[in-house]
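# What the coordinates show
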Amino acid sequence: MKEHLYHNGHIHCGGGQDCSALWVRDGRVFRTGNEELCAEAAGVPATDLHGACVVPGFNDSHLHLLDVGRGLGAIDLFGAASPADMAARCADFIRRRNIPAGRPLYGNGWNQDKFAGDPVLPTRADLDALVPDHPLLLDRVCGHIMVCNTAALKAAGITAETPVPEGGGIDLGPDGQPNGLLRDNAIPLVRAILPEESLEDIKAAFVAACARAVSRGLTTVQTCDIRSRDWPLVIQALRELDDAGLLPLRLVLQCALDTPEDLRAFLDAGIQNGRMWKVGPLKLFLDGSLGARTAWLRRDYADEPGQRGLCCLSYDKALTMARMADAAGMQVVAHAIGDAAVEEMLDVIQALSPDGSNPHRHGVVHCQITTRDQWDRFAALHAGALVQPVFLDYDHTIVTARCGADLAATSYAFGTAVRLGIPVSYGTDAPVEDLDPVRNFYCAVTRRPLAGGDPWQPEECVTRAQALACYTEGGACNEFAEAEKGKLLPGYLADFAVLDGDPLTLPEERLLKMQVLATVVGGQEVYTASGTQA
Ligand SMILES: [Zn+2]
């Protein structure tokens, strides 16, 4: 029997209950109490929390952990100030690592709306002068637009004659030739030239990303790492890491399988869950992103008449795959940013569960552009809303221009969602945004930009307690784990974060500076700020 006592803390147990001492036994909370517990637990190894705050571990309901890890080895284009800056960063990456000509390179994070001058999309012409010989594949921060240089287009065999895949785009320049920009379903055409990733590459990426996650107080991530093209290798990597004790937090795998055939093969494989990971929902992609104007709207973009974004999966196809998953007892969640895509998924959920009981807890990821009646449908259908409040930091600068003031006024209505009793959980969609829960929490409760400024739609703020519940109990509920995660009560998993301040009471201006002192998963200290791990 392994046990430990944490005492002299300010412990939020969930459900409004507080205590100061937590007795952990064999990976679970054994008892909660106050100083009297210390006497009862005499002889049990103990940690004095010195008044630090303890919250149930953060549970991110949608991110891409493997991509976070991969990004640590890619060209970093976050915050690039211009297309020229992007090219310079690529050239610098190649020079520093002395990478031989011809080897394709991947980068991500650029966002034309963060450019210093005009928010123009970069093209191959911006990249070719500095990087002529290395194929460059540079994802926009959203992952829905990629810009390539001429070497990459050549290597992938993309010309003006290349057929454009359904739900994708190959942009042409004034000369009638591809200008290097690829959208959504056209991106795999060029991705195919990247060298095949090895098992060891995948394991290394997971290890790096897991270390980052636990350093920010995450104890579970619901991570979209299963894809049609390489899932057996990812499962093998997770099995090996799990067996070696190298997964410090819990993973729920969201499965982005492309076709009914791929889903069938995955289901037929009958994958057995590991100790620290389990198979989660089918993940469908219904549209693109707002920044790229590929989010699918029911009316024209206010700033681009004639454009309504992309429908990446028709209702019939989405329903076919959702029915297959549902019949197998599998949850379904769908990426839907525009109101047309949100409506499609609500229709799918209604078709699967017309009485609104939604036993498999199907839900919508992102839920950004919405009308008020859609939130009423969420409530009636008990549909989950897997939202990313931190997206507001950037999106509040574009949503009115993209959608018009009336539609913007009912969008990102995450306070309304909570008040209607909709099952809301919080995620960061990392690496789209940093996986740090503190930033996400701050945006949920203040609706202010991270760099400061006025709140956007302050009436859609939630209370601190509501935000914490969304990030803990809400996440647990989304993965059917509410009986053992999201609270610190006897019988629950000993998954928690020790913070240097209380997120429920810290002054607003100090919230963003909140530090994680330690992270405990299953009773094991998997991170401490001092660097020593138990
Ligand atoms: Zn995502």
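Since the model is a prediction, treat every value here as computed from it, not as a measurement.

Okay, the pattern of salt bridges next. Applying the stated criterion across every chain, the model contains 37 salt bridges. The residue Arg70 makes a salt bridge to Asp230 at a minimum N-O spacing of 3.8 Å. With a gap of 160 residues between them, Arg70 in helix α2 (residues 65-71) and Asp230 in the loop between β15 (218-227) and α8 (231-243) connect regions that are remote in the sequence. Accessibility expressed as a relative area gives 12% for Asp230, which makes it buried. Across the pair Asp85 and Arg89 runs a salt bridge whose closest N-O atoms are separated by 3.5 Å. Within this pair, Asp85 and its partner Arg89 are both found in helix α3 (residues 83-97), separated by four residues, close to a single helical turn.

Of note, Glu433 is situated in the loop between β21 (424-426) and α17 (437-446). Classification of Glu433 as buried rests on a relative accessible area of 13%. Among the polar contacts made by the side chain of Glu433, one reaches the side chain of Arg439 at a distance of 3.0 Å. If near-sequence neighbours (up to four positions away) are discounted, Glu433 is found in contact with Val390, Phe391, Thr428 and Arg439.

Our next topic: the packing of helix α10 (residues 315-327) against helix α11 (residues 339-352). Between α10 and α11, the least distance of the axes is 10 Å, while the angle of their chain directions is 40°. The orientation of α10 with respect to α11, classified from their angle, is oblique. α10 and α11 meet at a crossing whose hand is right-handed. Contacts from Tyr315, Ala318, Leu319, Ala322, Arg323 and Asp326 of α10 reach α11 at Glu344, Asp347, Val348, Ala351 and Leu352.

We now examine the sheet that holds strand β7 (residues 53-56). Working definition: the strands of a sheet are paired by backbone hydrogen bonds and lie parallel or antiparallel to each other. Taken in spatial order, the six strands make up an open sheet running β3-β2-β7-β22-β23-β24, and their pairing is mixed. Each edge of the open sheet is held by one strand with a lone partner, namely β3 (17-19) and β24 (524-528). Direction aside, neighbouring strands of the sheet carry axes that sit 25° apart on average. In terms of strand pairing, strand β23 (residues 516-521) meets β24 through four bridges, oriented antiparallel. Its bridge partner lying in β24, Val520 is registered against Glu525.

Along the chain, Ala430 connects to Pro431 via a cis peptide bond; the corresponding omega equals 10°. Checked against the element boundaries, Pro431 lands in the loop between β21 and α17. Although it is not a glycine, His50 sits at a positive phi angle of roughly 50°. When you line up the elements, His50 lands in the loop between β6 (46-48) and β7. A positive phi angle, close to 55°, is found at Arg293, a residue other than glycine. Within the secondary structure, Arg293 sits in the loop between β17 (277-285) and α10. Look at Arg293 and you get partly exposed, because its relative accessible area is 25%.

Looking now at the coordination of the zinc ion. The protein atoms donating to the zinc ion are His62 (NE2), His64 (NE2) and Asp429 (OD), with metal-donor distances spanning 2.1 Å. A relative accessible area of 0% places His62 in the buried class. A relative accessible area of 7% means that Asp429 is categorised as buried.

A word on the side chain of Ser215. Relative to the elements of secondary structure, Ser215 occurs in helix α7 (residues 199-215). On the basis of relative accessible area, Ser215 is assigned to the buried category, the value being 14%. Among the polar contacts listed, one links the side chain of Ser215 to the backbone oxygen of Arg212, at a separation of 2.7 Å. The residues contacting Ser215, other than those within four sequence positions of it, are Val516 and Tyr527.

Our focus in this paragraph is the pairing of strand β4 (residues 21-25). Across the five residues that make up β4, a large majority, four, are buried. Where β4 meets strand β5 (residues 28-33), five bridges bridge the pair, whose relative direction is antiparallel. Bridge pairing links Ala21 to Gly33 in β5. The hairpin turn running from β4 into β5, its antiparallel successor, is two residues long, and Asp26 in that turn takes a positive phi close to 50°.

All chains considered together, the criterion is met by two cavities of 30 Å³ or more. Around the largest cavity sit 13 residues that line it, and Gly57, Thr219, Lys485, Gly486 and Asp495 are the ones nearest its centre. At the level of secondary structure, the elements contributing two or more residues to the lining of the largest cavity comprise β15 and α18 (464-478). Split into classes, the residues belonging to the lining of the largest cavity amount to three nonpolar, six polar and four charged. Roughly 40 Å³ of volume is contained in the second largest cavity. Lining of the second largest cavity is provided by Leu392, Asp393, His396, Cys443, Arg447, Arg448, Pro449 and Trp456. Its residues placed into classes, the lining of the second largest cavity shows four nonpolar, one polar and three charged.

The geometry of α17 relative to α18 is characterised by a closest axis approach of 9 Å and an angle of 135° between their N-to-C directions. Put simply, α17 runs oblique to α18. The handedness of the crossing between α17 and α18 comes out as right-handed. Facing Pro437, Asn440, Phe441, Ala444 and Val445 of α17, the residues of α18 in contact are Arg464, Ala467, Leu468 and Tyr471. Here the residues of the contact of α17 with α18 are counted per class, giving seven nonpolar, one polar and one charged.

Rules used in this analysis
Residues numbered from 1 in each chain as written. Predicted model: local features only at pLDDT ≥ 70, side-chain atom pairs only at ≥ 80, totals over all residues. Heavy atoms only, no water. Salt bridge = Lys/Arg side-chain N within 4 Å of Asp/Glu carboxyl O. Helix = DSSP H or I, 4+ residues; strand = E, 2+ residues; numbered from the N terminus. Buried < 20%, exposed > 50% of the residue type's maximum accessible area, 1.4 Å probe, protein only. Polar contact = N/O pair within 3.5 Å; in protein donor to acceptor, adjacent residues only side chain to side chain. Contact = heavy atoms within 4.5 Å. Axes fitted to C-alpha atoms, helices over the stretch in contact; angles between N-to-C directions. Parallel < 35°, antiparallel > 145°, perpendicular 65-115°, else oblique. Left-handed = near helix turned anticlockwise from the far one by under 90°. Pairing = 2+ DSSP bridges. Donors = N, O, S within 2.8 Å, 3.2 Å for Na, K, Ca; no water. 1 Å grid on protein atoms, 1.4 Å probe; cavity = no way out; pocket = protein on both sides within 12 Å on 5 of 7 lines; lining within 4 Å. Points joined across faces, edges and corners; volume = space filled by probe spheres on them. Nonpolar A, V, L, I, M, F, W, Y, C, P; charged D, E, K, R; others polar.

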